[in-house]
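# A look at the structure
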Amino acid sequence: MKHFIKYNLIGVMNTLITLASVWVMHQILDWNLELSNFLGFIFGAINSYLMNRIWNFKSHNRKRTEIIRFIIVFLAAYALNFVTLEATVYVLNTAWCKPFTDFISQFMKPGFFANIVANGVYVIASFTLYKKWVFKK
C-alpha cells in the first residue's frame, strides 16, 4: 500500500509535468498535438524514473537493466496512450459527439481533453508494469 500511495504522489507530479508541458506546447505555442504529447511524456518519464527509483521503490537493481526495462515499459505504455489519444480525437470529431466537443471547447482544445483521457490509460498501464517488472525487488 505504501508503494501505491507514493506512486500516486509521483504520478500526480508526473501528470502535472506532462499536462503543463502539453498545455504550453499545444495550447499556447500551438505546436502539433502528437509532438506536444510525446515531449510532455518524455519530461514526465524522466521525473518518474528518478522519483520511483530513489524515493518510492528505493531500488538497488542494476541501473542498466532497470533503465532498459523502464524504457520498454515507457514505450509500451506510451503506445497505449497514443492509440487512446488518436481514438479519442476521432470520437470527439464525430457528429454524434459534437455537443460534448462544443462544450469542452469552451474550456480547452478538444485535443487537450483527449490528452487527459489518454493519460489515464498511461497511468494504469505504467504503474502495473513498473511495480511488477521494472522496480521489482
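What comes next is a walk through the structure. (Residues numbered from 1 in each chain as written. Predicted model: local features only at pLDDT ≥ 70, side-chain atom pairs only at ≥ 80, totals over all residues. Heavy atoms only, no water.)

## Things to note about the nonpolar core
Filter applied, for reference: Note on terminology: a nonpolar core comprises buried Ala, Val, Leu, Ile, Met, Phe, Trp, Tyr and Cys residues joined through side-chain atoms within 4.5 Å. Under the scheme applied here, a residue whose accessible area is under 20% of the maximum for its type counts as buried, over 50% as exposed, and between as partly exposed, the area being computed with a 1.4 Å probe on protein chains only. Comment: elements are numbered from the N terminus, with helices defined as DSSP H or I runs of at least four residues and strands as E runs of at least two. The contact criterion used throughout is that any non-hydrogen atoms of two residues lie within 4.5 Å.
Counting residues in each nonpolar core, the largest one holds 16 residues, and the members touching the most others are F41, F70, F74, Y122, Y130, V134 and F135. Mapped by element, the contributors of at least two residues to this core are helix 2 (33-56), helix 3 (63-92) and helix 5 (110-134). Excluding its chain neighbours within four sequence positions, the residues that come into contact with F70 are A45, S48, Y49, Y130, V134 and F135. L33, I104, A114 and A118 belong to the second-largest nonpolar core, a separate cluster that totals seven residues.

## Remarks on the pattern of salt bridges
Test applied: One speaks of a salt bridge when a side-chain nitrogen belonging to Lys or Arg is within 4 Å of a carboxyl oxygen belonging to Asp or Glu.
Tallying each qualifying case throughout the model produces three salt bridges. Here K109 makes a salt bridge to D30, at a shortest N to O gap of 2.8 Å. Within this pair, whereas K109 is found in the loop between helix 4 (98-104) and helix 5, its partner D30 is found in the loop between helix 1 (2-28) and helix 2, the two being separated by 79 residues in sequence. Residue D102 pairs with K98 through a salt bridge whose shortest N-O separation is 2.8 Å. Pair noted here: D102 and K98 are both in helix 4, with a separation of four residues, about one helical turn. You can call D102 partly exposed: its relative accessible area is 38%.

## Let's talk about helix 5
Spelled out, the test is: One less than the number of residues in a helix, times 1.5 Å, gives the span that helix is expected to have.
In a regular helix each residue adds 1.5 Å, so 25 residues correspond to 36 Å; helix 5 covers 34 Å between its end C-alpha atoms and thus fits that length. Every buried residue of helix 5 is accounted for by G111, F112, A114, N115, A118, N119, Y122, A125, S126, F127, Y130 and V134.

## Digging into the packing of aromatic side chains
Selection criterion: Classification of ring pairs uses Phe, Tyr and Trp, with its six-membered ring standing for Trp, and accepts pairs whose centres are within 6.5 Å; under 30 degrees between planes counts as stacked, over 60 as edge-to-face, and the remaining range as tilted.
Tallied over the entire structure, the rule returns 16 aromatic pairs. Centroid distance F57 to F135: 5.1 Å. Interplanar angle 10 degrees. Geometry classified as stacked. Of the two residues, F57 is situated in the loop between helix 2 and helix 3 and F135 in the segment after helix 5; the sequence distance between them amounts to 78 residues. Neither F57 nor F135 differs from the other in exposure class; each is buried. Measuring from centroid to centroid gives 6.2 Å for F74 and Y122, while their planes differ by 75 degrees, and the two rings are edge-to-face. Placement of F74 in helix 3 and of Y122 in helix 5 is noted, with a sequence separation of 48 residues between them. Side by side, F74 and Y122 carry an identical accessibility label, which is buried.

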